[in-house]
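Tertiary structure, described
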Amino acid sequence: MLNQHPATARPLPIIEPFRIKCVDPIRVLSRAERERVLERAGSNLFRVPARDVLIDLLTDSGTGAMSSEQWAALMRGDESYAGAQSYYRFQHAVHELTGLEHAIPTHQGRAAEFLLFGACVQRGQLVPSNTHFDTTRANIEDRGAIALDLPCAEGLDTASSHPFKGDMDLVALERALVEHGARVPLVMITATNNAGGGQPVSLANLRALSQLCRRHGKPLFLDACRFAENAWLLKLREEGLAARTPREIARAMFELVDGCTMSAKKDGLANIGGFLALRDGALAERVRARMVVTEGFPTYGGLSGRDLDAIAQGLVEVLEPDYLDYRHASIRYVVDRLAAAGVPVVQPAGGHAIFLDAARFLPQLGWREYPGQALALELYLEGGIRACEVGSVMLARRDAAGAELPARHELVRLAVPRRTYTQSHMDYVIEIVRRVHERRGSVAGVRIVEQPAVLRHFGARFARVRAEISAAT
Ligand SMILES: *Cc1c(COP(=O)(O)O)cnc(C)c1O
């Protein structure tokens, strides 16, 4: 593999296992122009037009580049309403990958969640997971049920370098099943654990989880959005898996579950789409009967035939060892370089993103000055990089009296789109983060000027705290 060398050899630079056939220009603005852009956007990066961003690391969802084979597959797309050939190619790809008999296409991952929980979850029930992704949680709560997060202790510690920080706390799960078993319709596991930093779930944990669920008669569902990145991290880190292919490891993961929800915008290497895959034919029939109302006929599920073909091809390419090797090597490269420069970065490197610990990066700011938001704004001002705050702006909680409580961590996520940026872009990102780190003492906090009632990070407006004080005096 391109990026694995014996320890004795002088390492080659990391290279992308592809060449470029089509280019998408990006624009460099001056610092003064970037300041004006932020001004207009109320200092909220979600309000910044994409054309004013140089390197866009806001999300890895749907932002990847398709291969020439995927573009060719688009032309093969069969747009028949019912039983299109694209559907059978899609169904075949999902079955080959997962071994799950029934593949139901959906327009995104959240639609697969909506259909699954709509068929299985009732008001007042309890759905445990290692950590529910926010759309998963929202879909469970929308059913009037409770989404219960049971991550392992290491998963909550940003300084821990435990190899499987995505594992579920099985002692806590067993306790929940003993105490509330009758209220638990199913168990979920998210691999990699997106909310927990893209950290992998070990096969050992998944196997023990599967046995526990079987003992208690509960079906187990995998949130499989990043199944290939999870498989790759297990190959690198888990005892006995080094010689297995990513495809074999992924198959071993799917064999332990009763079904999966999937966003093809992540490890489907597509720009839109998702699916629900199930072992239970009766459950699949119930879902198919309901989905016509919201998603479309069961052989297209809200997607065009060409989307289904792009996903079918993406599910094959995403498990290519050279691709996974390069993807992880380039993310780890950024994490290692930043750590070596003294930048507080979450370890070990996860599957899809680099996380900066903004509380340690900007220790002069209290959580009320939103250090994650302040740091994300600095990265944009310094170098046109768009990252995402994952801290008290996005995840603040409220106490019984309605007062705001801080999030558990103040992080900034640099999510890396798949096959989109090159190694020189990664070097540029490292240099920009280092420059902000070198002048970190002068970075001011922010306050919220205006905010929507729900999901405030998308719409809020911010003002600089200290800049305002100096302007007033
Ligand atoms: C993105 C994501 C989802 C939801 O998928 P969408 O396609 O955005 O609806 C669910 N779970 C995880 C872990 C995700 O990362």
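Please read these numbers as outputs of a predicted model, since none were measured by experiment.

Let's shift gears to the nonpolar core. Core analysis: the biggest nonpolar cluster contains 58 residues, and Leu173, Leu209, Leu222, Phe227, Phe254 and Leu315 have the highest contact counts within it. There are two domains that each give this core at least three residues, and those are domain 1 (31–60 + 320–472) and domain 2 (68–317). Excluding residues within four positions of it along the chain, Phe254 makes contact with Leu97, Thr98, Leu100, Leu222, Ala224, Phe227, Cys260 and Arg279. Ranked by size, the runner-up nonpolar core spans 52 residues in total, among them Ile331, Ile354, Leu362 and Val443.

For the rest of this paragraph, the subject is the sheet that holds strand β7 (residues 259–263). The strands that make up a sheet are held in pairs by hydrogen bonds between backbone atoms, and each pair lies either parallel or antiparallel. Read across the sheet, five strands follow the order β2-β8-β7-β6-β5 without closing on themselves; strand pairing throughout is mixed. Single-partner strands in this sheet number two, and they are β2 (102–106) and β5 (187–190). Ignoring which end each strand starts from, the neighbouring axes of this sheet average 15 degrees apart. By the bridge criterion, five bridges tie β2 to strand β8 (residues 274–278) in an arrangement that is antiparallel. Note that in β8 the partner of His102 across the bridge is Leu278. Strands β5 and β6 (220–223) of the sheet are contacted by helix α7 (residues 203–215), whose axis makes an angle of about 175 degrees with β5.

Here the domain parsing of the chain yields domain 1 (31–60 + 320–472) and domain 2 (68–317). Between domain 1 and domain 2, the residue contacts involve 23 residues of the former and 26 residues of the latter. Of the roughly 2,100 Å² buried between domain 1 and domain 2 on both sides combined, carbon and sulfur atoms contribute 54%. Considering only the side of domain 1, the residues that lose the most area to domain 2 are Leu324, Pro348 and Arg418, jointly responsible for 25% of the buried surface there. Inspection of the domain 1/domain 2 interface yields five salt bridges. Of the charged contacts, one joins Asp267 and Arg418 as a salt bridge, the two residues approaching to 3.1 Å between their closest N and O atoms. Taken together, the links from domain 1 to domain 2 amount to 13 residue pairs in polar contact (both at pLDDT 80 or more). When grouped by side-chain class, the residues that make up the side of domain 1 that touches domain 2 number eight nonpolar, six polar and nine charged.

A side chain with one charge may pair with a side chain of the opposite charge, provided their charged atoms come close. If you walk through the whole model with that rule in mind, you get 26 salt bridges. Of the charged contacts in the structure, one is a salt bridge between Arg327 and Glu229, with a shortest N-O distance of 2.7 Å. In this pair, Arg327 is assigned in helix α12 (residues 321–340) and Glu229 in helix α8 (residues 227–237), connecting sequence segments 98 residues apart. This pair shows no difference in class: Arg327 is buried, exactly as Glu229 is. Among the salt bridges present, the one from Arg398 reaches Glu404, with a minimum N-O distance of 4.0 Å.

On to the side chain of Asn205, then. Considering the arrangement of structural elements, one finds Asn205 in helix α7. The residues touching Asn205, leaving out its near neighbours within four places in the chain, are Asp167, Met168, Leu170 and Ile189.

Before going further, it helps to spend a moment on the site of the ligand. Among the 14 residues in the neighbourhood of the ligand, the closest are listed as Arg110, Asp223, Arg226, Ser263 and Lys266. Between the ligand and the protein, one listed contact pairs an oxygen atom with a side-chain N or O atom of Arg110 at 2.6 Å. At 2.7 Å from a nitrogen atom of the ligand is found a side-chain nitrogen or oxygen belonging to Asp223. If one sorts the elements of the shell around the ligand by residue count, helix α4 (residues 109–120) sits on top with three residues. Classifying every residue of the shell around the ligand gives two nonpolar, six polar and six charged.

This paragraph deals with the sheet that holds strand β14 (residues 411–415). Pairing within the open sheet is antiparallel, and its three strands lie in the order β9-β14-β11. The open sheet has two edge strands with one neighbour each: β9 (353–357) and β11 (388–390). The sheet shows a mean angle of 30 degrees between the axes of neighbouring strands, taken without regard to direction. Two strands pair when backbone bridges link them, and β9 and β14 are joined in this way by five bridges, in the antiparallel orientation.

The relative placement of two packed helices comes down to the angle between their axes together with the axis-to-axis distance. Contact geometry of α4 with helix α10 (residues 281–294) gives a least axis separation of 10 Å together with a crossing angle of 120 degrees. One finds that α4 runs oblique with respect to α10. Where α4 crosses over α10, the handedness of that crossing is right-handed. Between α4 and α10, the residues in contact are Phe114, Leu115, Leu116, Gly118, Ala119 and Cys120 and Leu283, Arg286, Val287, Arg290, Met291 and Thr294, respectively. A class-by-class count of the residues in the contact of α4 with α10 yields eight nonpolar, two polar and two charged.

Parameters at a glance
Residues numbered from 1 in each chain as written. Predicted model: local features only at pLDDT ≥ 70, side-chain atom pairs only at ≥ 80, totals over all residues. Heavy atoms only, no water. Core = buried A, V, L, I, M, F, W, Y, C linked by side-chain atoms within 4.5 Å. Buried < 20%, exposed > 50% of the residue type's maximum accessible area, 1.4 Å probe, protein only. Domains from an automatic or database assignment. Contact = heavy atoms within 4.5 Å. Pairing = 2+ DSSP bridges. Helix = DSSP H or I, 4+ residues; strand = E, 2+ residues; numbered from the N terminus. Axes fitted to C-alpha atoms, helices over the stretch in contact; angles between N-to-C directions. Buried area = accessible area lost by both parts, 1.4 Å probe. Salt bridge = Lys/Arg side-chain N within 4 Å of Asp/Glu carboxyl O. Polar contact = N/O pair within 3.5 Å; in protein donor to acceptor, adjacent residues only side chain to side chain. Nonpolar A, V, L, I, M, F, W, Y, C, P; charged D, E, K, R; others polar. Near = heavy atom within 4 Å. Parallel < 35°, antiparallel > 145°, perpendicular 65-115°, else oblique. Left-handed = near helix turned anticlockwise from the far one by under 90°.

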